[in-house]
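Summary of structural features
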Amino acid sequence: MSENKGLAFAVAGFSLVIIAGFLFFTTNNNAKAKTVKLDVKTTQRDIDRVHNNTKAYTVESVLAKMKSKQTNVNSEINELTSKIKTNIYELYSVKTQVAYDDMQSKLKKDLGTTFADKLIELDKPNVSQSGIPQFTYAKASNVQVAYDKLDLDDDEMNVYVTVDYTTPEISTAGSGKEATTITNNGQDFFALTFNTKNKSLNLVEYKEGVKRNV
Amino acid sequence: MSKKGVYYTLGSIGIVATLMFGFGVFQNVQANNKLQVQNKALKKDLANAKSEYKKKVSDVDAKAYQEAINSKDETVKSIATHNGDYAIVNNIADKFFKTYFSWKDTKTYLARSTELLSEGVITSSLANDKNTFDSGKDSTGNDYIKTTGIKSSFDSADAYLAEDMGSTINALVKVVNTASYKSGNSGEATHYYQITYDRNSKEITAVKLVLTV
């Protein structure tokens, strides 16, 4: 009988050591502990980085950054605004196919390909049976160009253009009714980015505004 | 050794090893807990360091822009002027549109102009401008705020500098709001406004809707 007791004792001791060993190895440097350790390390590094950035951020460093931009925002903006306005006023009032064709290369040169292509597409004339081209726009009545702030860490600047325009007279001849003509007022909206370093302008988004009868 | 002796020896070794492992487990758990506590403290330190950085940036920027605006270097001066104006119009646009696009009934809708006027955000002539602050009634005299139950909450306003005309600045403002109706419908909308800001009186003198998309 006592031999059985001894066996039971040995089995118990053996089982306990298996459980304890299992617990030891699962708690020792387990996945969770490893993640926390890694987290501690990165957090420590982040703190050091933020401290260094704080130390380095001084009035002198900000002024130096401004200087290094070598961009006179004022003259850049004036130049770009005038280019955009002149070209849009001119294109929106184009009356002949020749003038429309002639403008294309100038638009691309002044406003960059993506913006120029969109403008050219928007004002693309329909040629009626009479052979007279019918353009989308008759005239731009107001062009506004608006600018984002200049980010000192980035050379891209957002630019927004809104155009108020009128359409040519559209005849609304109905059967049996007397023909009348109407013009519409509308708005175009362009979102662009301007790279102040290489002076390139790129179209990001075009939106058509609400058209109204006059 | 008798079989019994072997069993007892094995059993005893097991117990001793169990005790040792047990101590090990205790140490592991303690070490892990300590790591967690340390990690938590570090996260707090990081948050502190970040807010310290933010504060320094705004302090330094204020000083740097003040210096830059008087700089003899045209580049530096132009950037400071542009970004300074940008901050001004964004600040006023935020104040204006936060109130302009927040109402929950006819009463709060009609109170917007007086509120903005008393806060010094707009001129009295703008407060009386019927295009900017309508009566909340349609052409038949019907109170559409009440009828439709339309409410509005302000989401964001971003202003962009359009024209600097010396004493006034024109800006284009992108405004996002959420409107909800009695019917349960609701939706977000984006509007573009042109605002005119008077540098001297520090008020908005004109507001015009340019585009709703």
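This is a predicted model, so every value here is computed, not measured. (Residues numbered from 1 in each chain as written. Chains lettered and ligands numbered in written order. Predicted model: local features only at pLDDT ≥ 70, side-chain atom pairs only at ≥ 80, totals over all residues. Heavy atoms only, no water.)

Topic: the overall build of chain B
Formally: A run of H or I in DSSP counts as a helix once it spans at least four residues, and a run of E counts as a strand once it spans at least two, with each numbered from the N terminus. Only C-alpha atoms enter the radius of gyration; for comparison, a globular chain is expected to reach 2.2 Å times N to the power 0.38, where N is the number of residues. Only protein chains enter the accessibility calculation, which uses a 1.4 Å probe; a residue whose area is less than 20% of its type maximum is buried, one above 50% is exposed, and one in between is partly exposed. In what follows, a contact means two residues having at least one pair of non-hydrogen atoms within 4.5 Å. Throughout, the Shrake-Rupley method with a 1.4 Å probe supplies accessible areas, and for residues the shown protein chains are the sole cover considered. Positive charges come from Lys and Arg, negative ones from Asp and Glu, while His and the chain ends are left out of the count. For this purpose, a charge sits on NZ of Lys, CZ of Arg, CG of Asp or CD of Glu.
Along its length, chain B carries 6 helices and 4 strands. The C-alpha atoms of chain B give a radius of gyration of 33 Å, which is well past the 17 Å a tight globule of 213 residues would have. Expressed as lengths along the three principal axes of its C-alpha atoms, the size of chain B is roughly 110 × 60 × 30 Å. The buried share among the 213 residues of chain B stands at 41%. Taking the intrachain contacts of chain B between residues at least 6 apart in sequence as the baseline, contacts between residues at least 24 apart amount to 48%. A total accessible area of about 11900 Å² is found for chain B, and carbon and sulfur atoms account for 56% of it. Charged side chains of chain B number 27 positive and 23 negative; the gap between the two group centres comes to 14 Å.

Digging into the interface of chain A and chain B
Accessible area lost on assembly of the parts is the figure often given for the size of an interface. Basically, it comes down to this: Here a salt bridge means any side-chain nitrogen of Lys or Arg lying within 4 Å of a carboxyl oxygen belonging to Asp or Glu. Pairs of N or O atoms within 3.5 Å make up the polar contacts considered here, provided that, within protein, one atom can donate a hydrogen while the other can accept it, and that residues adjacent in sequence are counted only when both atoms are side-chain atoms. Lys, Arg, Asp and Glu make up the charged group, whereas Ala, Val, Leu, Ile, Met, Phe, Trp, Tyr, Cys and Pro make up the nonpolar group; the residues left over, Gly among them, are polar.
Every contact between the two is made by 67 residues of chain A and, on the other side, 60 residues of chain B. Remark: the boundary between chain A and chain B carries 2 salt bridges. A salt bridge links Lys43 of chain B to Asp39 of chain A, with the shortest nitrogen-to-oxygen separation between them at 3.1 Å. Linking chain A to chain B there are 19 residue pairs in polar contact (both at pLDDT 80 or more). Those elements that provide at least two residues to the side of chain A that touches chain B are α1 (2-27), α2 (31-56), α3 (59-69), α4 (73-92), β3 (139-147), β4 (156-166), β7 (184-195) and β8 (201-208) of chain A. With 16 residues, α1 of chain A is the largest single contributor of residues to the side of chain A that touches chain B. By residue class, the composition of the side of chain A that touches chain B is 30 nonpolar, 22 polar and 15 charged.

Some words on α4 of chain A
Which entries qualify depends on this criterion: Any helix carries an expected span of 1.5 Å times its number of residues minus one.
Taking 1.5 Å per residue as the helical rise, α4 of chain A with its 20 residues ought to reach 28 Å, and the 28 Å between its terminal C-alpha atoms agrees with that figure. Along α4 of chain A, the residues classified as buried are Val73, Glu76, Ile77, Leu80, Thr81, Ile84, Lys85, Asn87, Ile88, Leu91 and Tyr92 of chain A.

What to know about the confidence of the model for chain A
Quick note on the threshold: The quantity known as pLDDT measures the predictor's confidence residue by residue, on a range of 0 to 100.
Chain-level statistics for chain A give a pLDDT mean of 88 and a share of 93% at 70 or above. Confidence scores differ between elements of chain A, with strand β9 (residues 212-213) of chain A showing the lowest mean pLDDT of 58 and helix α6 (residues 113-122) of chain A the highest of 96.

So, unusual backbone geometry
Residue Lys199 of chain A is not a glycine yet carries a positive backbone phi of 60°. Along the chain, Lys199 of chain A turns up in the loop between β7 and β8. In this structure Lys199 of chain A comes out as partly exposed when scored by relative accessible area, which is 41%. Even without being glycine, Lys202 of chain B reaches a positive phi, approximately 60°. Tracing the backbone through its elements, the reader meets Lys202 of chain B in the loop between β3 (186-198) and β4 (203-212). Of the residues examined, Lys202 of chain B reaches a relative accessible area of 51% and is grouped as exposed.

Some points on the packing of α4 of chain A against helix α5 (residues 97-111) of chain A
All names here are of chain A. Stated precisely, the cut-off is as follows: To get an axis, fit a line to the C-alpha atoms, keeping to the stretch in contact for a helix; angles then go from 0 to 180 degrees between the N-to-C directions. Roughly parallel refers to an angle under 35 degrees, roughly antiparallel to one over 145, roughly perpendicular to one between 65 and 115, and oblique to any angle outside these ranges. Definitions for this section: a left-handed crossing has its near helix turned counterclockwise from the far helix by less than a right angle. A right-handed crossing has that turn clockwise.
Interaxial distance between α4 and α5 falls to 11 Å at its minimum, and their mutual angle equals 165°. It follows from the interaxial angle that α4 and α5 lie roughly antiparallel. At the point where α4 passes α5, the crossing takes the left-handed sense. Facing α4, whose interface residues are Lys83, Ile84, Asn87, Glu90 and Leu91, α5 presents Tyr100, Met103, Lys106, Leu107, Asp110 and Leu111. The residue inventory of the contact of α4 with α5, partitioned by class, reads 6 nonpolar, 1 polar and 4 charged.

Let's talk about the pattern of salt bridges
Opposite charge on two side chains lets them pair, provided their charged atoms get close. As enumerated under the stated definition, the model contains 17 salt bridges over all chains in all. Within the structure, one salt-bridge network assembled from shared partners comprises Glu90, Lys106, Lys109 and Asp110 of chain A.

Quick notes on the nonpolar core
Going by this rule: We call a set of buried residues a nonpolar core when its members are Ala, Val, Leu, Ile, Met, Phe, Trp, Tyr or Cys and they connect through side-chain atoms within 4.5 Å of each other.
Core analysis: the largest hydrophobic core is formed by 47 residues, its most contacted members being Ile88 and Tyr92 of chain A. With 7 residues, the single largest contributor to this core is α4 of chain A. Sequence-distant contacts of Tyr92 of chain A, that is, excluding residues within four places in its chain, are made with Leu119, Tyr137, Ala138, Lys139, Ala140, Val163, Tyr165, Asp188 and Phe190 of chain A. Phe189 of chain A together with Ala127, Ala171 and Tyr192 of chain B belong to the second-largest nonpolar core, a separate cluster that totals 37 residues.

With respect to the packing of α2 of chain A against helix α1 (residues 3-69) of chain B
Put simply, α2 of chain A and α1 of chain B touch, their axes get as near as 9 Å, and they point 20° apart. Here α1 of chain B runs roughly parallel to α2 of chain A, going by the angle between their axes. For the pair α2 of chain A and α1 of chain B, the crossing hand works out as left-handed. Taken together, the residues of the contact of α2 of chain A with α1 of chain B break down into 10 nonpolar, 9 polar and 10 charged.

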